[in-house]
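# Breakdown of the fold
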Amino acid sequence: MTPGPEDVLSCPRCSGLLRRWTVASGNMMGAVAWSDGRIVAPMSREPSYAVKCPHCGETFLRAQAACIGQLSPFWTEGRRSDQRITLTSCPEASRVEAMRLIRAHFPYSLAEAKSAVERLPLILADAVSYWDAMAIQEDLRKAGAVVDCVAIESLPAEELPPEEWRAAPYAVEPTELELIALAGRVESTADERVVRLLAWREGNDPFRSTEVDWVPYSSRGVARESLEKLVTLLSRNPSERMLEAEAMRQLGRFSDCIELISALDGTESPGSSTIRELAERRDDRLSVLFVAA
Ligand SMILES: [Zn+2]
């Protein structure tokens, strides 16, 4: 995963500056496709569609904020950064601490960090400054993991961007409840649909770990209401009908789920048979559909 330029945004409420990272390139190696449509890819990541302001706490769509400039990833810390950090070894006993450190240093979700320590070697980041790379390497070494740091290329000198851009804090990832609140405020139904989809997946994230017991969606109060609204916003195309069927299953409406999948016969998407089988067993738990090689 190679970082792309970072957007420097101005918060639509307080005008404070915040940075949002982007990804220049990635790949789907080892990606896990979940039944709610979340793809957890250790080598790729979608930049946030909705962000939270670290200054005033407002949650807003990326598109609602003015982008006042971009920072080259090589200069985000205000100095040349060309170190590639690769996690090469992480013994079983070190995994929990290594995952915590990876999440402390990089914008990985819990599920991504878990996937990262299980699929080695893994490039954690490109374009990290030398001293940051050394500090990360030392932190992970103390936890029992091995990290390689190499300079990837000789980078051209560039003019430094304004200090206030480089000093701006990163956007915060909104929580499930903050996304649900945002979904009630956005103007278009297209945005509402995307934000409710994000809220659904965010709410399911803790359950992607095998160590967390499933809490049925039908008992999740305001989250359940949001998922019921999402169902009314999905379109009639086959991939969205599959999401609708999966939402029905997670809401415990198994016969509705089976009916929707049956209506899709002939245009079945990958994983639909898994979802159908689960619904036939009256199983409402989140499930992995497939893992990319
Ligand atoms: Zn703000």
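Residues numbered from 1 in each chain as written. Predicted model: local features only at pLDDT ≥ 70, side-chain atom pairs only at ≥ 80, totals over all residues.

Here we take up the overall build of the protein. Looking only at helices and strands, one finds ten helices and 13 strands in the protein. Relative to the globule expectation of 19 Å for 293 residues, the C-alpha radius of gyration of the protein, 21 Å, shows essentially globular dimensions. Across its three principal axes, the protein shows a C-alpha extent of roughly 60 × 45 × 35 Å. Of all 293 residues assigned to the protein, the portion counted as buried reaches 34%. (Helix = DSSP H or I, 4+ residues; strand = E, 2+ residues; numbered from the N terminus. Rg over C-alpha atoms; globule rule 2.2 N^0.38 Å. Buried ≥ 20, exposed ≤ 12 C-beta atoms within 10 Å, placed from the backbone.)

Among the nonpolar cores identified, the biggest contains 37 residues, and Leu-18, Ala-50, Leu-179, Val-195, Ala-199, Ala-245 and Cys-257 are the most heavily contacted of them. The two domains that each donate at least three residues to this core are domain 1 (1–74 + 160–174) and domain 3 (176–283). Discounting chain neighbours no more than four positions away, the residues touching Ala-50 are Thr-59, Phe-60, Leu-61, Arg-62, Pro-174, Leu-179, Leu-182, Val-195 and Leu-198. With 22 residues, the next largest nonpolar core counts Cys-90, Tyr-108, Leu-122 and Val-128 among its residues. (Core = buried A, V, L, I, M, F, W, Y, C linked by C-beta atoms within 7 Å. Domains from an automatic or database assignment. Contact = placed C-beta atoms within 7 Å.)

A few words now on the sheet that holds strand E2 (residues 6–10). Strand order in the open sheet formed by three strands is E3-E2-E9, and the pairing between neighbours is antiparallel. In this open sheet, the two edge strands, each paired with only one partner strand, are strand E3 (17–20) and strand E9 (66–71). Strand after strand, the sheet turns through a mean of 30° between neighbouring axes, direction not considered. In this sheet, E3 lies alongside E2 in antiparallel orientation, the contact comprising four bridges. From the neighbouring strand, Leu-9 faces E3, where its bridge partner is Leu-18. (Pairing = 2+ DSSP bridges. Axes fitted to C-alpha atoms, helices over the stretch in contact; angles between N-to-C directions.)

Here Val-40 is to be found in strand E6 (residues 39–40). Classification of Val-40 as buried rests on a count of 23 C-beta atoms within 10 Å. For the pair formed by Val-40 and Trp-21, sequence separation is 19 residues and the distance between their alpha carbons is 17 Å. Excluding residues that lie within four positions of it along the chain, Val-40 makes contacts with Ala-31, Val-32, Ala-111, Glu-112, Ser-115 and Arg-208.

Relative orientation and spacing of two packed helices are given, respectively, by the angle between their axes and the distance between those axes. Packing of helix H6 (residues 189–204) against helix H7 (residues 222–233) brings their axes to within 9 Å, and their N-to-C directions diverge by 135°. Between H6 and H7, the interaxial angle falls into the category oblique. In the packing of H6 onto H7, the handedness of the crossing is left-handed. On H7, the residues touching Thr-189, Glu-192, Arg-193, Arg-196, Leu-197, Ala-199, Trp-200 and Gly-203 of H6 are Ala-223, Ser-226, Leu-227, Lys-229, Leu-230 and Leu-233. For the contact of H6 with H7, the per-class residue count stands at seven nonpolar, three polar and four charged. (Parallel < 35°, antiparallel > 145°, perpendicular 65-115°, else oblique. Left-handed = near helix turned anticlockwise from the far one by under 90°. Nonpolar A, V, L, I, M, F, W, Y, C, P; charged D, E, K, R; others polar.)

Once that is clear, we can look at the pairing of E2. Most of E2 is tucked away: four of the five residues are buried. Direction of pairing for E2 relative to E9: antiparallel, over a ladder of five bridges. Looking at the pairing, Glu-6 lines up with Leu-71 of E9. Two successive antiparallel strands, E2 and E3, enclose a turn made up of six residues, where Ser-15 displays a positive phi of approximately 65°.

A few words on helix H10 (residues 272–280). By the burial criterion, the buried members of H10 are Ser-272, Ile-275, Arg-276, Leu-278 and Ala-279. Each buried residue of H10 sits inside an arc of 165° when the element is viewed along its axis, so together they form one side. Away from its buried face by more than 90 degrees, H10 exposes Ser-273 and Glu-277. Where H10 is buried, its residues touch helix H8 (238–250) and helix H9 (254–263). Two residues or fewer after H10 comes Arg-282, characterised by a positive phi angle close to 55°. (Arc of directions from axis to C-beta.)

Below, the discussion takes up the domain arrangement of the protein. Annotation of the protein at the domain level lists domain 1 (1–74 + 160–174), domain 2 (81–154) and domain 3 (176–283). The C-alpha centroid of domain 3 is placed 25 Å from the C-alpha centroid of domain 1. With 13 residues of domain 1 at the contact, the number on the domain 3 side is 18 residues. Sorting the residues of the side of domain 1 that touches domain 3 by element identifies strand E5 (32–34), strand E7 (50–52) and strand E8 (59–61) as the ones contributing at least two each.

Look at H8: 18 Å from first C-alpha to last across 13 residues, which is about the 18 Å you get at 1.5 Å a residue. Within the sequence span of H8, burial applies to Met-242, Leu-243, Glu-244, Ala-245, Glu-246, Ala-247, Met-248, Arg-249 and Gln-250. With its phi angle positive at about 85°, Gly-252 sits one or two positions after the end of H8. (Expected span 1.5 Å × (residues − 1).)

Across the protein, pLDDT averages 87, with 91% of residues at or above 70. Element-level mean pLDDT values for the protein span from 69 in strand E1 (residues 2–3) up to 97 in helix H5 (residues 176–183). (pLDDT = per-residue confidence, 0-100.)

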